[in-house]
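# Remarks on the overall topology
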Amino acid sequence: MIERFSRLLDSFTGRGEAAVTVPPLDGALRANRALDEAATRFAMPGVDCLASVDGRLYAAAGAALAEWDGAQRREVRRVDGGIACLAECAGGLAVALEDGRVMVETGPRAGAVFDTRLRCITAMAVSGNTLFLCNGSTEHAAGDWQKDLMERRATGEVWRIDLDGGKPERIAKGLGWPAGIVAEGSHLVVSEAWKHRLVRLDDATPVPVHSDLPGYPGRIVPAGDGYWLAVFAPRSQLVEFVLREPAYRRRMVAEVPRPYWIAPTLRAGRSFYEPLQGGSVKQLGMLKPWAPTLSSGFCVRLDARFQPVASLHSRADGVAHGVTSVVRHGGQVWAAAKGDGVVVAVEDRR
Amino acid sequence: MALTETYLRWRYRLVPDHLAGEILSKRWIDNTIPLFILLLVVAAFSTAMPEFFNAASVGDLSRQWGEFALLVLALMIVMLAGGIDLSVGSTFALGNIVALALISVAGWPMWAVVLGTLACGAAVGLVNGVLVGYLRLRAFLTTLVTLIIVRAIVDMLLLKYSVAIAGGFIDSDAWYYPGEGYLLGMPFSVVVAGVLAIVIHLVFSRSRAGWHVLAVGGSRRSAHNVGIPVKRVICSTYVISGIMAALAGLLFASRLGGAGADTGIGLEVTALTAAVLGGNSLGGGRGSAAKAIIGSVTVMIMVNGLVRIGVSAGANSLLLGLVLLAAVAIDVRWLKNRHKLLSKVYVSPTFMDLPAAPETDEGSIYAVNDKLHPVEKIGLDAIDGPEDVILDEDDNIYAGNRTGDIIRFFAPDYTRQEVYAHTGGRPLGMAFDRAGNLLVCIGGMGLYRITKAREVERLTDETNRSWLSVIDDSRLRLADDLDIAPDGRVFFSEATVRYEMHEWPVDCLESRGNGRIICYDPNKGKTHTVLKNLVFPNGICMSHDGQSFFFAETWGCRVSRYYFDGPKAGTVEVVIPDLPGYPDNINRASDGTYWLAIVGMRTPSLDLAMRMPGFRRRMARRIAPDEWLYANINTGCVVRFDETGRVLETLWDKGGENHPMITSMREHKGHLYIGGINNNRIGRLKLDWADPDWTGSQSYWRRS
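Computed from a predicted model, the values in this text were never measured in an experiment. (Residues numbered from 1 in each chain as written. Chains lettered and ligands numbered in written order. Predicted model: local features only at pLDDT ≥ 70, side-chain atom pairs only at ≥ 80, totals over all residues.)

Scanning chain B from terminus to terminus reveals 19 helices and 27 strands. For 704 residues, the compact-globule estimate of 2.2 N^0.38 gives 27 Å, and the C-alpha radius of gyration of chain B, at 33 Å, exceeds that figure by more than 25%. Along the first, second and third principal axes, the C-alpha set of chain B runs to 110 × 60 × 50 Å. Counting all 704 residues of chain B, 49% fall into the buried class. By sequence separation, contacts in chain B at least 24 residues apart represent 63% of the contacts at least 6 residues apart. (Helix = DSSP H or I, 4+ residues; strand = E, 2+ residues; numbered from the N terminus. Rg over C-alpha atoms; globule rule 2.2 N^0.38 Å. Buried ≥ 20, exposed ≤ 12 C-beta atoms within 10 Å, placed from the backbone. Contact = placed C-beta atoms within 7 Å.)

Listed below in structure tokens is the structure:
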């Protein structure tokens, strides 16, 4: 009774759960222009996922799988349907497709195919003989992530498949869009995007290892003694506010075309029909870097305990927005900015 | 959904939400809590003692109140200038004994007694004033000392004259009149207090002397810096306080005729309680006669009521002390939180149902194109925010900037510029009159004229105040664009009466009819409001018939035509009801049509929010202004339309690279000159079809 009353009071005064505060980009997350100023920059429209396997760098964009050979990029193969994500699998490359199949391309297990029947694979990881898969939502396909967020769903799952045969087994459900997974031995950490946190899934109940990120966390990959995390979209006060306005959200989803929603996106500012916020008004012909934005480029270096130690950014006026994947390869950090369709490489200072 | 929208439409039409913020922004709102306490006290005592408020009791009480109110007003004046006068009680007693001694011992005539008594009070006040004002001693300690000294003088006078006073008989009707007589059916002292309260109110709200006192109390240093004689002002408040305290003593003497040793003891604390309880700030700068009156009535009722109920004297003082404590606490909290409350409730959006926006894709007259791509950039990075541009007969360009200058770019290459005039406000719309003077709407100032000799002259900065408006809408806050009728009358728009210049996009969140169109008639020198309740009226342009003008309502996304003369005089016709964006300035084109600047484009998310006022209101309260949803004023275009409202063409800058943000455009000799309020350049576009000799001045004034 008291809890219901205090929630009502909160929603009236804008405190507690109704508060729309977003943590500041400070400390290890302090904004910079590292992704914009990257010396290496390849245009690759639609690039979504990167994987560094056996000294080679692979990139997936739509139905195409490409590989870097030195500074040259060449297409390795084209699949039926889109590629959902890539991961290393026993020294080879595993490719998950949007139709739910997982195919091992190279390495000792090359040629193996598993049909998971999942329709929203967002990320996968292999540990030993086990393949772990994130299914972002049981309601929507991966491309409809904005809709899933705006409907405030939490129907994401994590599945486990024994590579030596055996039935897929669901090990977690009710997650808010699991979009990244890292598996080491029996430890499993998943990024739960809609709740802006990383959770450990060792036991029955998820245990947060890092919460209240200032963005929506996506894929995680191990890198040395830590990890790299791609944060595919920034949080903003306006979106947080809209998420707490059910009537407006319902009508927006029903009446407004999706590119023009007030929702985080991989690339904002392409059309004058998109929402504009006060701080984003151009002054003297210039968009300020600190302007509120619905998209940005953002990846975070985490230590072994999943705490941020450094970050790479592309701010409101930047040109590498919507980083969906980041890997370390050949002493450099490679980031796939899907929003701008570019792959950039930054020297890894660690 | 339709039902909800109908409900919302009526709810926002009938309930004036914006009044809450406007009332809170008034200064008199500070009286709310004191008035509430007064009503509470009246209610409490009238239920406890039903006979307390009968005619006889009130008549007796009000005579006492008249004297007490004079003391409270005296203290209020000193407090307003940032000081405090604890000697009012002693001065009151001094006035009493002096008046009695003069009338009965010295046998002076009544007028001389009055003057003598007031002079005594003034002398005490002067001592306080010199010590506190000129020698800058602490007000509290100084007046505490004068309290003791004056009290000692009173005791000495008592010792010498009390027997003579008690023994003498005063044979003067004039002497008894102030204490026992009635004027206009009211006790004399009440009339005196009432008249003085009104005078004091007028002085503090309407006169220079009163404003000086308020300024000194608000910030002594700032008052000194702007040249107010701080020492003299402070000194004079003490003198006035002393005179009024002595006057109260005189009234007291006339009423009771007795010189007792306990006269006026503890009165300063009661008066201080009343002043603070009424809402007069102890820190100075905030207070009024009304507050003093409210406070004095409250305290008077409490003190007398408690005595009549039978509360002992000690408990009475204790209660009064507690009330003073509570009043100070409430005063501090109110002062601290009023602005927070105001900032939360001031923005009050209303229901705004815009017609469906026309498409901007292939096939539409508004289709996106690249016609503005060849725009030349004039003064790139050399001008800050040219909202409007205009050209003279010698082809020089004039444009206002953000720092309040009118900049002139010299023909023919426009690489050289000079400050043509400095206005101090934010120059917006411009027009040349028949004599070649430049008329400018200046945001924050009003309508101004810049003569050919570069003198800046005010034409008007106020219009008639509307009777039902809570905020004072007589002053012009945001004069926006103007045009001149053939007979010289100037019609100009004031975009909003609720926001200042730099907050203009916030008015979009409200989208209420906050704006108006005003006419200035130079022949009569009069200004009056022509059209009210317009949704951010912006551009104004005379039509070629000389009887009407077109005006744009920015947040209403429409262009209308108003007839000020001719058979249709007084009517408004909507010409373009549904624009895909937010219209700004309108100007004539050389072929008899009109140019219209579209400052920003409508976004579906904002259009939806416009139909959900509650959403916008909560947004304004919950999130930072930089994060608020705005109209998309980063992309704009130029539209040309004819008299019937038919849109003829649209000019876009597809990439938004050459000319982002368009608020105005002006055709001149075959070129179109483009301005933007947040821009750093003036655009110039060659028009192939346009008459290469046509200028705006010729079109208006038919000069060769």
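On we go.
This part is about unusual backbone geometry. A cis amide bond, omega 0°, links Ala411 of chain B with the succeeding residue Pro412 of chain B. Note on placement: Pro412 of chain B falls in the loop between β6 (405-409) and β7 (417-422). Unusually for a residue other than glycine, Arg152 of chain A sits at a positive phi of about 50°.

A separate point is helix α1 (residues 2-13) of chain A. The terminal C-alpha atoms of α1 of chain A, which comprises 12 residues, lie 16 Å apart, in line with the 16 Å expected from a rise of 1.5 Å per residue. In terms of residue burial, α1 of chain A counts as a barely covered element, since only 0 of its 12 residues are buried. (Expected span 1.5 Å × (residues − 1).)

The tendency in soluble globular proteins is for nonpolar side chains to be buried as a group. Grouped together as the largest cluster of nonpolar side chains are 209 residues, with contacts concentrated most on Met124, Ile181, Cys299, Val323 and Ala335 of chain A. No other element matches strand β19 (residues 226-234) of chain A, which puts 7 residues into this core. With residues near it in sequence (within four places) discarded, Cys299 of chain A still touches Trp228, Leu229, Ala230, Val231, Ser311, Leu312, Val323, Val326 and Ala335 of chain A. With 93 residues, the next largest nonpolar core counts Leu38, Val192, Leu267 and Ala271 of chain B among its residues. (Core = buried A, V, L, I, M, F, W, Y, C linked by C-beta atoms within 7 Å.)

Counting residues at the interface gives 30 residues for chain B and 31 residues for chain A. Counting residues per element, the ones that place at least two in the side of chain B that touches chain A are α17 (604-610), α18 (613-622) and β22 (629-630) of chain B. A per-class count over the side of chain B that touches chain A returns 17 nonpolar, 8 polar and 5 charged. Of the strand pairs in this sheet, strand β20 (residues 276-277) of chain A and β22 of chain B are connected by 2 bridges, and their pairing is antiparallel. Looking across to β22 of chain B, one finds that Leu276 of chain A is bridged to Tyr630 of chain B. (Nonpolar A, V, L, I, M, F, W, Y, C, P; charged D, E, K, R; others polar. Pairing = 2+ DSSP bridges.)

Time to look at the domain arrangement of chain B. Parsing chain B into structural domains produces domain 1 (25-41 + 58-343) and domain 2 (376-460 + 474-701). The gap between the C-alpha centroids of domain 1 of chain B and domain 2 of chain B is 55 Å. (Domains from an automatic or database assignment.)

Residue and element names in this part refer to chain A. Note: strand β1 (residues 40-43) against strand β25 (residues 342-347), 4 bridges, orientation antiparallel. In the sheet register, Arg41 faces β25, and the bridge partner there is Val344. When strand β24 (residues 332-337) meets β25, the two strands line up antiparallel, connected through 6 bridges. Residue pairing across strands places Ala337 opposite Val342, the latter belonging to β25.

In this section: the packing of helix α5 (residues 88-106) of chain B against helix α7 (residues 139-167) of chain B. Residue and element names in this part refer to chain B. Running from amino to carboxyl end, α5 crosses α7 at an angle of 25°, the nearest separation of the two axes being 9 Å. One way to sum up the angle between α5 and α7 is to call them roughly parallel. Where α5 crosses over α7, the handedness of that crossing is left-handed. Between α5 and α7, the contacting residues are Gly89, Ser90, Thr91, Ala93, Leu94, Ile97, Leu100, Ala101, Ser104 and Val105 on the first element and Leu147, Val150, Arg151, Ile153, Val154, Leu157, Leu158, Tyr161, Ala164 and Ile165 on the second. For the contact of α5 with α7, the per-class residue count stands at 15 nonpolar, 4 polar and 1 charged. (Axes fitted to C-alpha atoms, helices over the stretch in contact; angles between N-to-C directions. Parallel < 35°, antiparallel > 145°, perpendicular 65-115°, else oblique. Left-handed = near helix turned anticlockwise from the far one by under 90°.)

Residues and elements named next belong to chain A. Across the sheet, 4 strands lie side by side as β2-β3-β4-β5; this open sheet has antiparallel pairing. Because the sheet does not close on itself, it has two edges, and the strands there are β2 (47-53) and β5 (72-78). In this sheet, neighbouring strand axes are inclined to one another by 25° on average, regardless of whether the strands run parallel or antiparallel. In this structure, strand β4 (residues 64-69) lies alongside β5, joined through 6 bridges in antiparallel fashion. Directly across from Asp69, in β5, lies its bridge partner Gln72.

The predicted coordinates of low-pLDDT regions are not to be read in fine detail. For chain B, the average pLDDT comes to 90, and 99% of its residues sit at 70 or higher. Mean pLDDT values for the elements of chain B range from 81 in helix α8 (residues 173-180) of chain B up to 96 in strand β18 (residues 558-563) of chain B. (pLDDT = per-residue confidence, 0-100.)

Okay, the environment of Val209 of chain A next. Residues and elements named next belong to chain A. Mapped onto the elements of the fold, Val209 is located in strand β17 (residues 207-210). In this structure the C-alpha to C-alpha distance between Val209 and Thr13, which are 196 residues apart in sequence, comes to 30 Å. Among all residues touching Val209, those that are not within four sequence positions of it are Val189, Leu198, Val199, Arg200 and Phe306.

On to the pairing of strand β7 (residues 92-97) of chain A, then. Residue and element names in this part refer to chain A. Counting buried residues along β7, 5 of its 6 residues qualify, which places the element largely inside the surrounding structure. Across 6 bridges, the pairing between strand β6 (residues 83-89) and β7 is antiparallel. Pairing of Cys85 across the sheet is with Ala96, part of β7. Following β6, the chain reverses through 2 residues before pairing antiparallel with β7; Ala90 in that reversal takes a positive phi of roughly 50°. As judged from the 3 bridges shared by β7 and strand β8 (residues 101-104), these two strands associate in the antiparallel manner.

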